[in-house]
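Fold and contact review
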Amino acid sequence: MIDLSVNLNKIALIRNSREGNYPDVVAHGRTCLDAGAQGLTVHPRPDQRHIRPGDVRDLAGLCRPVEGVEFNVEGNPFAGPMGDYPGLLPLVMETLPDQCTLVPDSNDQLTSDHGFDLKRDGDRLEPIIARLREANIRVSLFMDPDLEQIGLAREVGADRIELYTGPYADAVARQSPEVESIFAAHCAAAEHALQLGLGVNAGHDLNLINLPRYRTLPGLQEVSIGHALTVDAIAMGLGNAVNAYLNCLAGN
Ligand SMILES: CC(=O)[C@@H](O)[C@H](O)COP(=O)(O)O
Ligand SMILES: NCC(=O)COP(=O)(O)O
């Protein structure tokens, strides 16, 4: 079974466009869990464009007591404090999510658009990964499907990789023949990760069109999906959208 972790960033983005707490991010997270999602994901960024530190604390409290539900916090471990954003690591060590997905996003990026370069950052990441794992937090690294880089992910102590699926999703949207070669590269990367003892997650721009193929990736354990699922929820409702993604992942 492939776990669905719903990313709540875009619920928070709508909330932040007005004063107040509407939509309530925690209430919508609860709706996702009630609909059967196996987890929730957030990506608190230093500029707090969407997820705020308080959301991370509140959602940790929502997920923690629920058996079989995981909380995944994403972010750049090198991004320092900004305003009342304390930095990713202090926030993660305070809230103790089940998984922390480290992502090499700079503060000014519109969204995540590349995986780690562990030749450059591996030495800096290794102690951070060790500290997170000492706190019983599973560590996943946001990676491109590069076999050498995935080998380095094992060396620096990661538990899993998250394959960056943006280029795959873009190729599917463009109905490009590149889809075949991109998906083949992802399958090779997944097989390599599995041989190294790494778990395999995936995410970014996955949707109901490109997921039926991607769910066949060897050893895929978890997909984190937010942007497209939120858009789908506008039309079908959040609970129904979660059900649609769960059914898709189940091959129905
Ligand atoms: C790492 C990744 O691909 C996404 O999880 C990320 O959370 C997207 O961030 P935005 O929602 O800010 O675009
Ligand atoms: N790690 C991917 C994620 O959490 C959600 O990405 P997206 O579906 O919002 O593109």
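The rules behind the values
- Residues numbered from 1 in each chain as written.
- Chains lettered and ligands numbered in written order.
- Predicted model: local features only at pLDDT ≥ 70, side-chain atom pairs only at ≥ 80, totals over all residues.
- Heavy atoms only, no water.
- UniProt positions renumbered as here; feature names shortened; annotations may be inferred.
- Helix = DSSP H or I, 4+ residues; strand = E, 2+ residues; numbered from the N terminus.
- Contact = heavy atoms within 4.5 Å.
- Buried < 20%, exposed > 50% of the residue type's maximum accessible area, 1.4 Å probe, protein only.
- Near = heavy atom within 4 Å.
- Polar contact = N/O pair within 3.5 Å; in protein donor to acceptor, adjacent residues only side chain to side chain.
- Areas by Shrake-Rupley, 256 points an atom, 1.4 Å probe, with all protein chains shown as cover.
- Pairing = 2+ DSSP bridges.
- Right-handed = clockwise from strand over helix to strand, strands pointing away.
- Axes fitted to C-alpha atoms, helices over the stretch in contact; angles between N-to-C directions.
- Parallel < 35°, antiparallel > 145°, perpendicular 65-115°, else oblique.
- Left-handed = near helix turned anticlockwise from the far one by under 90°.
- Nonpolar A, V, L, I, M, F, W, Y, C, P; charged D, E, K, R; others polar.

1. Observations regarding the UniProt feature "active site" (unreviewed entry) in the chain
When the UniProt feature table is mapped onto this chain, "active site" (unreviewed entry) is found at His43, Glu74 and His204. Taken together, the annotated residues stretch across 162 residues yet fold into one region, lying no more than 12.2 Å apart by C-alpha. Along the polypeptide, His43 turns up in the loop between β2 (39–42) and α3 (53–63). Ignoring sequence-local partners within four residues, the contact set of His43 consists of Asn9, His50, Ile51, Glu74, Gly75, Val103, Asp105 and Ser112. Mapped onto the fold, Glu74 is located in strand β3 (residues 70–75). Taking relative accessible area as the criterion, Glu74 reaches 7% and is therefore assigned buried. Those residues in contact with Glu74, other than ones at most four positions away along the chain, are Asn7, Thr41, Val42, His43, Pro44, Leu88, Thr101, Val103, Glu162 and Ser224.

2. So, α3
Given 3.6 residues per helical turn, the α-helix brings residues three or four places apart onto the same face. The complete set of buried residues in α3 reads Pro53, Asp55, Val56, Leu59, Ala60, Leu62 and Cys63. On its buried side, α3 packs onto α1 (9–15), α2 (25–34), β2, β3 and α4 (88–95).

3. With respect to the site of ligand 2
Taken together, Asn7, Thr41, Glu74, Glu162, Gly203, His204, Asp205, Ser224, Ile225, Gly226 and His227 make up the full set of residues near ligand 2. Here Asp205 contributes a backbone N or O atom positioned 2.7 Å from an oxygen atom of ligand 2. One nitrogen or oxygen atom from the main chain of His227 is found 2.8 Å from an oxygen atom belonging to ligand 2. Protein contact buries 94% of the 310 Å² of open area that ligand 2 shows by itself.

4. Some remarks on the side chain of Asn201
As for its position among the elements, Asn201 is in strand β7 (residues 199–203). Looking at Asn201, its side chain comes within polar contact range of the side chain of Gln99, at 3.2 Å. Non-local contacts of Asn201, meaning those with residues more than four positions away in its chain, are made with Gln99, Ser140, Arg160, Ile161, Glu162, Leu163, Leu220, Gln221 and Glu222.

5. Here we look at the pairing of strand β4 (residues 99–102)
Looking along a regular strand, one sees the side chains alternate between the two faces of the sheet. The two faces of β4 match: Gln99 and Thr101 on one face and Cys100 and Leu102 on the other face are all buried. When β3 meets β4, the two strands line up parallel, connected through four bridges. Among the inter-strand pairings, Asn72 is bridged to a residue of β4, identified as Gln99. Pairing geometry for β4 and strand β5 (residues 138–143), over four bridges, is parallel. Residue pairing across strands places Cys100 opposite Val139, the latter belonging to β5. In the classification by handedness, the crossover that spans β4, the intervening helix α5 (residues 118–134) and the parallel β5 is right-handed.

6. Things to note about the site of ligand 1
Around ligand 1 sit Asn7, Asn9, Lys10, His43, Arg45, His50, Glu74, Thr111, Ser112, Phe142 and His204, and that is every residue in its neighbourhood. Asn9 is positioned such that a nitrogen or oxygen atom in its side chain is 2.7 Å from an oxygen atom of ligand 1. In this structure, His50 approaches ligand 1 through a side-chain N or O atom, which is 2.7 Å from an oxygen atom.

7. Observations concerning the packing of α2 against helix α11 (residues 238–249)
One way to put it is that α2 packs onto α11 with a least axis distance of 8 Å and a crossing angle of 40 degrees. One finds that α2 runs oblique with respect to α11. The crossing of α2 and α11 is right-handed. Counted together, His28, Thr31 and Cys32 of α2 and Leu238, Gly239 and Val242 of α11 form the full contact between these two elements. Classifying every residue of the contact of α2 with α11 gives three nonpolar, three polar and no charged.

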